Amino acid sequence: MRRKDREVTEPGEILRIVDTAKILHLGLMDGDFPYIVPLHYGYEYREGRLIFYMHGAREGHKLELIRRNPHVCVELECDVEPISGGDIPCKYGAAYASLIGRGKAALVTEEQEKRRALKLLMAHQTGRDFAIDGAMAASVEVMEVVLSEFTAKARPRI
């Protein structure tokens, strides 16, 4: 990380970023080019590891790409606000907090695990605890991304 002065290392602040953000950008490899998809997510922090859960249609391009190459990158951000530079264009910037991580994606196939992942996703997105039944879980594909490494950074509004 180039800007060490903006690095976030405290686990509580990292989790605040993950809690506050609502959209995860999932980066996949599509031949020679990256393919990036914005997705709603749920997550858990277990034994120092971030695990994200997303859902989507049971077929499609992102699933094909995950099956071809499970190595992924994720990015999420929150607290984004412009910072005025007044009359000096080069003084403009933005306040933000973000996380970028690398890991592996897999499709969740076991029904109970899919239901649990969907409950985490809905809790994160809505703040509510929903009952997820087998039919609901069977109607979607659930992706799990386990990050092997991640960094967070922030530039708070002064």
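Refer to the structure printed above.
Residues numbered from 1 in each chain as written. Predicted model: local features only at pLDDT ≥ 70, side-chain atom pairs only at ≥ 80, totals over all residues. Heavy atoms only, no water.

### What about the pairing of strand β3 (residues 33–40)?
- Where strand β2 (residues 23–30) lies against β3, eight bridges are found, and the strand directions are antiparallel. Paired with L26 across the two strands is V37, which belongs to β3.
- Once β2 ends, the chain turns through two residues before running back antiparallel as β3, passing G31 with a positive phi of about 70°. (Pairing = 2+ DSSP bridges. Helix = DSSP H or I, 4+ residues; strand = E, 2+ residues; numbered from the N terminus.)

### Side note on the environment of R67
- Take R67: it is sitting in helix α2 (residues 61–68).
- The exposed category is assigned to R67, whose relative accessible area is 55%.
- Considering only alpha carbons, one finds R67 and A106, 39 residues apart in sequence, at a separation of 7.9 Å.
- Apart from residues lying up to four places away in sequence, R67 is in contact with L107 and E141. (Buried < 20%, exposed > 50% of the residue type's maximum accessible area, 1.4 Å probe, protein only. Contact = heavy atoms within 4.5 Å.)

### Some points on the packing of aromatic side chains
- With the rule as written, the count across this model stands at two aromatic pairs.
- An angle of 75° between the planes, with centres 5.4 Å apart, marks the rings of Y41 and F52 as edge-to-face. A residue pair is termed long-range when its members are at least 10 positions apart, and Y41 in the loop between β3 and β4 (42–46) and F52 in strand β5 (residues 49–56) qualify at eleven residues.
- With centroids separated by 6.3 Å and ring planes inclined at 45°, the aromatic side chains of Y43 and F52 adopt a geometry described as tilted.
- Since its relative accessible area comes to 0%, F52 is described here as buried. (Phe/Tyr/Trp six-rings, centres within 6.5 Å; stacked < 30°, edge-to-face > 60°.)

### Describing the pattern of salt bridges
- Counted according to the given criterion, the structure contains eight salt bridges.
- Taking the shortest distance from any N to any O, the salt bridge between R46 and E44 comes out at 3.6 Å.
- You can call R46 partly exposed: its relative accessible area is 40%.
- A salt bridge links R116 to E113, with the nearest nitrogen and oxygen atoms 2.9 Å apart. Taken together, the residues span about one helical turn, with R116 and E113 both in helix α3 (residues 111–126) at a distance of three residues.
- Judged by relative accessible area, R116 falls into the partly exposed class, the value being 29%.
- Because the salt bridges share partners, they merge into one network encompassing E44, R46, E113 and R116. (Salt bridge = Lys/Arg side-chain N within 4 Å of Asp/Glu carboxyl O.)

### Quick word on the pairing of β4
- The pairing of β4 with β5 spans five bridges and is antiparallel. Note that in β5 the partner of R46 across the bridge is R49.
- Between the antiparallel neighbours β4 and β5 lie two residues, among them E47 with a positive phi of about 50°.

### Describing the nonpolar core
- One finds L26, Y41, F52, M54, L76 and V145 to be the most contacted residues of the largest nonpolar core, which totals 30 residues.
- Of all the secondary-structure elements, those providing two or more residues to this core are α1 (11–20), β2, β3, β5, α2, β6 (71–83), β7 (93–108) and β8 (141–155).
- If we ignore the near neighbours within four places in the chain, the residues touching L76 are I17, V18, A21, I23, L24, Y41, F52, A97, S98 and L99.
- Membership of the second largest hydrophobic core comes to ten residues, among which are I51, Y53, L118 and V142. (Core = buried A, V, L, I, M, F, W, Y, C linked by side-chain atoms within 4.5 Å.)

The values are spatial; any link to function lies outside them.
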